[in-house]
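# A look at the structure
In case you want the letters, here they are:
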Amino acid sequence: MAAFLGVEQSLTGRTWVGPSIEQERRAEAMAQATRLPGPLCHTLVRRGVAPEEAASFLEPTLRDLLPDPLSLKDMEPAAARMLRAAERGERIAIFADYDVDGGSSAALLICWMRDMGRQATLYIPDRIDEGYGPNPPAMSRLAAAHDLIVCVDCGTLSHEALAAAKGADVIVLDHHLGGETLPPALAVVNPNRQDESGELAHLCAAGVVFLLLVEVNRQMRTKGAKGPDLMALLDLVALATVADVAPLIGVNRALVRTGLKVMAQRNRVGLRALADVASLNEPPRAYHLGYLLGPRINAGGRIGKADLGARLLATIEPSEAQALAEQLDRLNRERREIEQHVTEAAMEQAEARGLDGALVWAAGEGWHPGVVGIVASRLKEATNRPSVVIGLADGEGKGSGRSVSGIDLGASIQRVAQEGLLIKGGGHKMAAGLTVAEDKLEAAMERLSELLARQGADAGGPRDLKVDALLMPGAASVELIEKLETAGPFGASAPAPRFVLPDMAIRFAKRVGENHLKVSFGDGLGAHMDAIAFGAYDTPLGPRLEQNGGARFHLAGRLEVNEWNGRRSPQLRLEDAAESAGQ
């Protein structure tokens, strides 16, 4: 396919890839059939939406999309056991992962039980001392003091640890890839069990927990009782779904769309306090969950105390919420400093190794295990390749990986572990973790690269920039942006549409902050708009547009609404540019 507008090397060194001729044809046909704006039709076609499906796709509802919880194996006994424990006042422990999904899942159960007049013990392992998931000593101690242990966002591969929970029932509510056998538990509810259909594989753990609570409430109704309000918990499900990079498809779209509305009401004191310290002063969008709130909640598990995030999400005390939010914000600033150092070293190492293979990876002595996942995300974003970053200590490496759309990283890492090249490893399609002996590191990464290459991880250009359509500044209105938002929420597996404004004249450009660029541009016919390019001076983009010499440019980016002094106007989040060939 020819490069879009002939841009084979943009100012940031990328090739622009536009819609195919067939996609263009379908978008035009949809516009005629539905009377929807052309840019929205291009977005829907990219999502694989047919004209007759457009109306329902743009208004996803839980009524239409929420699956029957009983479609998941072990759901009925898990819900029945949970209800029995709550009704009888049994001693319940929640063993959760230390990330946003684990913390949100734990908070869901704590809040539900609080509404039932019950309490639960929260246990989240220390990332460094205990590592991911249940471990035998912790499970043995919890079993000695509790009747029921619920493992959330972990447990599917923890055979030895769950076997140590003698005397207590164990329920696993998870979404990580399962192995050939299940651990010894009363119930393992996981859409990624090997004997599941895979139709709900896109759920995060909080989505699984929510379905369990739907089933528990249904069982209560059959007894003539009314369960707690589950709609009020959807802010937690939305937060976990976005922060865990779960695909925003199917029921996840409805969970996030509805959860954002719940979050906008600011009724959860923990999220309200966190939004305030993060200076979030507008209705939350998926972007805010992934880049403002999520990283702060994760900071506790990364470099602080593992249970801070879950406690923040579950608390009903404003003073505790404020203290926890401030502590997490401080830890997040520390995390950024550590992350910057590791990112620079990892990128230098990865570039020396080469960025054109199926896998980009780096490993370093003393790299903090709490930031390797974020650094892997940075490498993935920079190279459009699955990336793994590993911190080495005492002859062993603990790492984390992030994948790109269409490449199942978790399954490949699990395969390498099964082959004996990793001490352990697993996860899901977009993110995974691993532990490896240092003397097997090179062999393990070579094998992982082979498996990812079989999935086509090295097929596309590492610097391709996908664009959806052309757009002129006169058509970029607030009304259009609001219509485009109905195709959201945008995130994993559902990126926000990216448009190219062709042959634009730069009216004004100046550096703002440390390395950002503010631009005003127009088409020369009277229509103009503003743009902001974050990090523009980390690439040639900023210097070239600021010193443009009157040249005209194709500008690529995403549309957003800029609110200033009560005025709302369209703005381009500028990501790339290329000099116009027609000048």
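Structure shown above.
Residues numbered from 1 in each chain as written. Predicted model: local features only at pLDDT ≥ 70, side-chain atom pairs only at ≥ 80, totals over all residues. Heavy atoms only, no water.

### Section: the side chain of His 288
Counted only if it meets this: Helix numbers and strand numbers start at the N terminus; a helix is a DSSP run of H or I with at least 4 residues, a strand a run of E with at least 2. Only protein chains enter the accessibility calculation, which uses a 1.4 Å probe. A residue is then buried if its area is under 20% of the maximum for its type, exposed if over 50%, and partly exposed in between.
Along the chain, His 288 turns up in helix H13 (residues 286-303). Of the residues examined, His 288 reaches a relative accessible area of 4% and is grouped as buried.

### Focus on the nonpolar core
The line we're drawing: Put simply, a nonpolar core is a bunch of buried Ala, Val, Leu, Ile, Met, Phe, Trp, Tyr and Cys residues held in one set by side-chain atoms that sit within 4.5 Å of each other. The contact definition used throughout considers only heavy atoms, calling two residues in contact when any of these lie within 4.5 Å.
Formed by 85 residues in total, the largest nonpolar core has its most connected members in Leu 109, Leu 173, Leu 212, Leu 213 and Leu 239. Considering each element in turn, this core owes the most residues, 10 residues, to helix H9 (residues 205-222). Ignoring sequence-local partners within four residues, the contact set of Leu 212 consists of Met 75, Ala 78, Ala 79, Met 82, Leu 109 and Leu 173. If you look at the next biggest cluster of nonpolar residues, it comprises 41 residues, including Phe 57, Ile 481, Phe 521 and Leu 555.

### Considerations on the packing of helix H2 (residues 38-46) against helix H19 (residues 478-485)
Between two packed helices, what matters for the description is the angle formed by their axes and the separation of those axes. The criterion, for reference: Helix axes are fitted only over the stretch in contact, all axes being lines through C-alpha atoms; the angle between N-to-C directions runs from 0 to 180 degrees. Orientation categories follow fixed angle ranges, with anything under 35 degrees roughly parallel, anything over 145 roughly antiparallel, 65 to 115 roughly perpendicular, and all other angles oblique. Throughout, a crossing is termed right-handed when the near helix is turned clockwise from the far one, and left-handed when it is turned anticlockwise from it by less than a right angle.
Interhelical geometry of H2 versus H19 gives an angle of 20° and a closest axis separation of 9 Å. When the axes of H2 and H19 are compared, the pair comes out roughly parallel. Along this stretch, H2 crosses H19, giving a crossing that reads as right-handed. Mapping the contact onto sequence places Pro 39, Leu 40 and Thr 43 in H2 and Leu 480, Lys 483 and Leu 484 in H19.

### Examining the packing of aromatic side chains
Rules: Only Phe, Tyr and Trp rings take part, Trp by its six-membered ring, and two of them pair if their centres are within 6.5 Å. Stacked means planes under 30 degrees apart, edge-to-face means over 60, and tilted covers everything else.
A full pass over the atoms with the stated rule returns 2 aromatic pairs. Summarising the aromatic geometry, the rings of Phe 95 and Tyr 123 are spaced 5.2 Å apart at their centres and angled 25° between planes, so their arrangement reads as stacked. Here Phe 95 is found in strand S2 (residues 92-96), whereas its partner Tyr 123 is found in strand S3 (residues 121-123), with 28 residues between them in sequence. According to the relative accessible area criterion, Phe 95 is buried, its value standing at 0%.

### Structural notes on the pattern of salt bridges
Heads up, the rule is: Salt bridges, as used here, are contacts in which a Lys or Arg side-chain nitrogen is within 4 Å of a carboxyl oxygen on Asp or Glu.
A full pass over the atoms with the stated rule returns 32 salt bridges. Between Asp 195 and Arg 193 there is a salt bridge, and its shortest N-O distance comes to 2.7 Å. Arg 544 is the salt-bridge partner of Glu 579, the closest N and O atoms lying 2.9 Å from each other. Of this pair, Glu 579 sits in strand S18 (residues 567-579) while Arg 544 sits in helix H20 (residues 541-546); the two residues are 35 residues apart in sequence, bridging distant segments of the chain.

### Structural notes on a negative patch on the surface
Convention followed: Two joining distances apply to patches: 9 Å for like charges and 5 Å for nonpolar side chains (Val, Leu, Ile, Met, Phe, Trp, Tyr), and every residue must have over 30% relative accessible area and no salt bridge. Using the Shrake-Rupley algorithm and a 1.4 Å probe, accessible areas are obtained, with residue cover drawn only from the displayed protein chains. Charge counting treats Lys and Arg as positive and Asp and Glu as negative, with His and both chain ends excluded. Charged groups are reduced to one reference atom each: NZ for lysine, CZ for arginine, CG for aspartic acid, CD for glutamic acid.
A grouping of Glu 365, Asp 394, Glu 396, Glu 438 and Asp 439 is seen on the molecular surface, where their side chains present a negatively charged patch. If you trace the backbone, Asp 439 turns up in the loop between strand S11 (431-437) and helix H18 (441-454).

### Overview of the sheet that holds strand S7 (residues 360-365)
Which entries qualify depends on this criterion: By definition, two strands form a pair when at least two bridges between them are found by DSSP.
As summarised here, the arrangement of the 5 strands in space is S7-S8-S9-S11-S10, forming an open sheet in which the pairing is mixed. Lying at the two open borders of the sheet, with one neighbouring strand each, are S7 and strand S10 (424-427). Along the sheet, successive strands turn relative to each other by an average axial angle of 15°, direction set aside. Relative to strand S9 (residues 396-402), strand S8 (residues 387-393) runs antiparallel, the two being bridged by 7 bridges.

### Comments concerning the sheet that holds S3
The strand order across the open sheet built from 5 strands is S3-S2-S4-S5-S6, with neighbouring strands paired in parallel fashion. Sheet topology places S3 and strand S6 (187-189) at the edges, where each strand pairs with a single neighbour. Direction aside, the axes of adjacent strands within the sheet are offset by 15° on average. By the bridge criterion, 5 bridges tie strand S4 (residues 148-152) to strand S5 (residues 169-173) in an arrangement that is parallel. Bridge pairing in S5 links Ile 149 to Val 170.

### Some points on empty space enclosed by the protein
Cut-off, in case you're wondering: Put simply, the grid is 1 Å and covers the protein atoms alone, a cavity is a trapped set of points that fit a 1.4 Å probe, a pocket is an open set with protein on both sides within 12 Å along at least five of seven lines, and lining residues have an atom within 4 Å of a point. Grid points are joined across faces, edges and corners, and a volume is the space filled by probe spheres set on the points.
Enumeration according to the criterion identifies 1 cavity of 30 Å³ or more in this entry. Its boundaries defined by the atoms lining it, the largest cavity holds a volume of some 50 Å³. Around the largest cavity, the lining residues are Asp 97, Tyr 98, Asp 99, Gly 103, Ile 124, Ile 297, Gly 300, Gly 301, Ala 306, Gly 309 and Ala 310. Secondary structure elements with two or more residues in the lining of the largest cavity: H13 and helix H14 (308-314).

### Focus on helix H11 (residues 251-264)
Counted only if it meets this: Expected span of a helix, by definition, is 1.5 Å for each gap between consecutive residues, and there is one gap fewer than residues.
Spanning 14 residues, H11 covers 20 Å between terminal C-alpha atoms, matching the ideal 20 Å at 1.5 Å per step. The element H11 is largely enclosed, with a buried count of 11 among its 14 residues. Taken as a whole, H11 has its buried residues at Val 251, Asn 252, Arg 253, Ala 254, Leu 255, Val 256, Thr 258, Gly 259, Leu 260, Val 262 and Met 263.

### As for the environment of Gly 224
With respect to the helices, strands and loops of the structure, Gly 224 is situated in the loop between H9 and helix H10 (234-243). Each C-alpha atom, one on Gly 224 and one on Glu 24, is 55 Å from the other, the two residues being 200 residues apart in sequence.

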